[in-house]
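# Per-entry structural report
Letter by letter, the chains look like this.
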Amino acid sequence: AGLAADVERGARAQEEGAAAGLEAAAHKMDQSVAIQETLSAEETCLATVQGILATEEGMESRLLSLIESHGKSMLCLYTHRRMAITAEDVCLDRVLLIQEGFAVEEVPPENNLQIPGSDVTVQVTSGGASLLVRLPFGSHTQTFLREVRRRCSPGKKDATAADPEQSAAGEVTGAPRLKTANKMVPSSSVPASGPTQGLSTRPCGLRDTLVKSLLKQKESSYTHLQNFRFFVGTYNVNGQSPRGSLRPWLSQDGEPPDIYCVGFQELDLSKEAFFFNDTPKEEEWFKAVTESLHPGAKYAKGNKGGVAIRFQFHNSTVCVVNAHLAAHPEEYERRNQEVRDICARMQFHPLEPGCPLLAIKEHDVVLWLGDLNYRLEEQDMERVKKLIQTQDFQALHQHDQLKIQREAKLVFEGFQEGEISFQPTYKYNPGSDDWDDSAECRVPAWCDRILWSGKTVSLLSYQSHMALKNSDHKPVSAIFDVGVKVVDKKSYCKAFEGIVRSLDKMENASIPSVTLSKREFLFKDVKYLQLQVESFTISNGPVPCQFEFISKPNEDAYCKPWLIAKPSKGFLMPDSEVVIALELCVNKSTATALNSGEEKLEDILVLHLDRGKDYFLSVSGNYLPSCFGCPIQTLCYMKEPIREMLPEAIRELDVVLHQVMPI
């Protein structure tokens, strides 16, 4: 689907039987294992990522591996099978030395419009060689690039491989220790998403959430509806490869659509596709779709695997669902349940951390397409064929299970479907327009459907395409005019500034403020284990507040160990007050340092108000040294009372005695 949009990847609905044909390997097996098997014992594959390499022949899949040998690094490219599991599945293509002149740089998209959730295109240069590689979106790719860049950062020594035969272009033409394998088949490609337009967003926070909520309420003041044309198509290809052009399906109108949304079912029916969640047919059909798009416009292609995809187009959110529901006429209740399961269990992770998950119906526009497999309640084959022959589709449609279930509000509540004026799309003899004459002799049915929900969606056409004969299904398409909320920047800025000003005024009026009866505290002639208390009052203003003594930077506690505040935290109602007691007591754990003068009775307390400012309290005092807390050796060598000795003399005596008679 060519989506000029902010693409956010949707979670996969894991219900039984609702497996869509666009499934792609979001979590592929770690292919580093296969690379490691090709290496010698002294070499290590640190990371591997699958990408698409631009070559003279076109776009080809490659495994990119970061390999380290004897403390030196290289970037190796491998051709590979669909899923590389063992060494036999990979073949060394080229090696780039990570040395001076090596660089990996991200290539910005057209118009410098960043696309959240899109693939990453990087340019790898080494000497005179330059490669353009597209890597899949995700944390695995970012980790891989970070590791490569770390090894080619300024100041790092050359990381050339041992005894390589290096070309002038900076590539290794011979790496004798790297074993290779042959008989490769190309892997499927994952194309990049196109450019997008939309408002920039910031991470979720209390203020940001409030601003966004108020902006949403005022959305009509800074947006206007603008129609964009959507092409929505669905095709159950029955495991077949494309034969011929898809233009009779994808480009039948004179005016090119703004956005294509294309879904397939039964793309690959082989057991390998089931186990590895990967198929070369994906690349075949993607190429066929790309070559058959409307010639009147250029499209940014993005083939996002999974059951659903969501994106933001200007200020409107769109969700496209591709579903393949349970087969057989009697299973309509199961199909209903599968639709409910998809709606209930599929949730999308927003790009902004901390924001709630999004459900399918929480979008401005939802386009639902696929082989929904609803059949005809009328089971008489001859009567069905007669109605089809006379093109009495309206009479035949009265027996359609999906129509019956929707009218009973048992499925797709809130969705709409266009009038069906085309003959059933299933089941044909592949390669022809003849109805199924196999042993099963399936009754024709409109299995392939397109529905939508949204207040700004207008259906322009809804049809099947008999010219395509690959499958036992016929593809279906729908053209929509979708009213999209386009932001007027001046009106948006005006609304945003007004909200910020009102919030600032509200926040200033709601900032808690207190009055302290005292901020400086002096404790005189403090003695060992004799408690002294100083008190002060916190008087609150008109705003409820929560207060707490907090620790200063690089300190674990809010006060010195000889001091404590009671209470140290609490809540104040408007115009109320609380008395805080500062209790000072020197015990055996703190007396030694105070006797020797290493510590003094000095501290700064920080009283913090939640959503308010901090208040600083100064605490000081003088301690009267005593024999308590002094080592017995020190007391034995004192020739005068401890209170008559200077702290420096006590410290010096302690040091000397510890050297002579260590404890």
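The residue numbering used here restarts from 1 in each chain and proceeds along that chain's sequence as written. Two thresholds apply to this predicted model, a pLDDT of at least 70 for residue-level local features and 80 or more for giving and counting side-chain atom pairs, whereas whole-chain, interface and lining totals are computed over all residues. Processing note: side-chain calculations cover all non-hydrogen atoms of the structure and skip hydrogens and water entirely.

When the pLDDT values of the chain are averaged, the result is 82; 83% of them are 70 or greater. In the predicted structure, residues 1-29 sits below a pLDDT of 50 and forms 114 contacts with residues beyond four places in sequence or in another chain. One number per residue, pLDDT, summarises how confident the predictor is, and it ranges from 0 to 100. Any two residues whose heavy atoms approach within 4.5 Å are treated as being in contact.

Moving on: the nonpolar core. Think of a nonpolar core as a cluster: buried Ala, Val, Leu, Ile, Met, Phe, Trp, Tyr and Cys residues, connected wherever their side-chain atoms sit within 4.5 Å. Only protein chains enter the calculation, and the probe is 1.4 Å; a residue is then buried if its accessible area is under 20% of its type maximum, exposed if over 50%, and partly exposed in between. Among the nonpolar cores identified, the biggest contains 36 residues, and F230, V320, L367, I450 and F480 are the most heavily contacted of them. Helix numbers and strand numbers start at the N terminus; a helix is a DSSP run of H or I with at least 4 residues, a strand a run of E with at least 2. With 6 residues, strand β20 (residues 476-487) is the largest single contributor of residues to this core. Residues within four places of F230 in sequence aside, it is in contact with P257, I259, C261, F311, F313, V318, L367, A478, I479, F480 and V482. Grouped together as the second largest cluster of nonpolar side chains are 31 residues, Y528, I538, F547 and L572 included.

Right, let's get into helix α9 (residues 381-389). Residues separated by three or four positions in an α-helix point in the same direction, a consequence of the helix having 3.6 residues per turn. Residues of α9 that are buried include every one of M381, V384, L387 and I388, and no others. For α9, the buried positions fall inside an angular range of 130° around the axis, keeping them on one side. When the buried face of α9 is taken as reference, the exposed residues oriented beyond 90 degrees from it are E382, K386 and Q389. At its buried positions, α9 is contacted by α10 (393-397). In the segment just after α9, Q391 is the residue with positive phi, at about 55°. Throughout, the arc means that of the directions going from the helix axis to the C-beta atoms.

Further remarks concern the environment of R62. With respect to the helices and strands, the residue R62 is situated in strand β3 (residues 58-69). Note on R62: relative accessible area 8%, which makes it buried. Sequence-wise, R62 and R81 are 19 residues apart; in three dimensions their C-alpha atoms are separated by 9.6 Å. Those residues in contact with R62, other than ones at most four positions away along the chain, are V49, Q50, G51, L53, Y78, T79, H80 and D93. A polar atom in the side chain of R62 sits 3.2 Å from the side chain of D93. The term polar contact refers here to a pair of N or O atoms within 3.5 Å; inside protein, the definition further demands a hydrogen-donor-capable atom paired with an acceptor-capable atom, and it admits residues adjacent in sequence only when both atoms are side-chain atoms.

To continue, consider the sheet that holds strand β11 (residues 223-236). The sheet built from 4 strands is open, its strands ordered β12-β11-β20-β19 with mixed pairing. Two strands in the sheet have a free side with no partner beyond their single neighbour: β12 (259-265) and β19 (457-464). When strand polarity is set aside, the average angle formed by the axes of neighbouring strands in this sheet is 20°. Strands were regarded as paired on the criterion that DSSP finds at least two bridges between them. Two strands pair when backbone bridges link them, and β19 and β20 are joined in this way by 7 bridges, in the antiparallel orientation. Paired with L459 across the two strands is F480, which belongs to β20. A fitted line through C-alpha atoms represents every axis, and for helices the fit uses only the stretch in contact; the resulting angles, taken between N-to-C directions, go from 0 to 180 degrees.

Glancing now at the sheet that holds strand β25 (residues 563-566). Ordered in space as β21-β23-β27-β25, the 4 strands form an open sheet in which the pairing is antiparallel. Edge positions in the open sheet fall to β21 (514-516) and β25, since each of these has one partner strand only. On average, adjacent strands in this sheet sit at an angle of 25° to one another, irrespective of strand direction. In this sheet, strand β27 (residues 577-584) lies alongside strand β23 (residues 532-540) in antiparallel orientation, the contact comprising 8 bridges. If you follow Q532 over to β27, its bridge partner there is L584.

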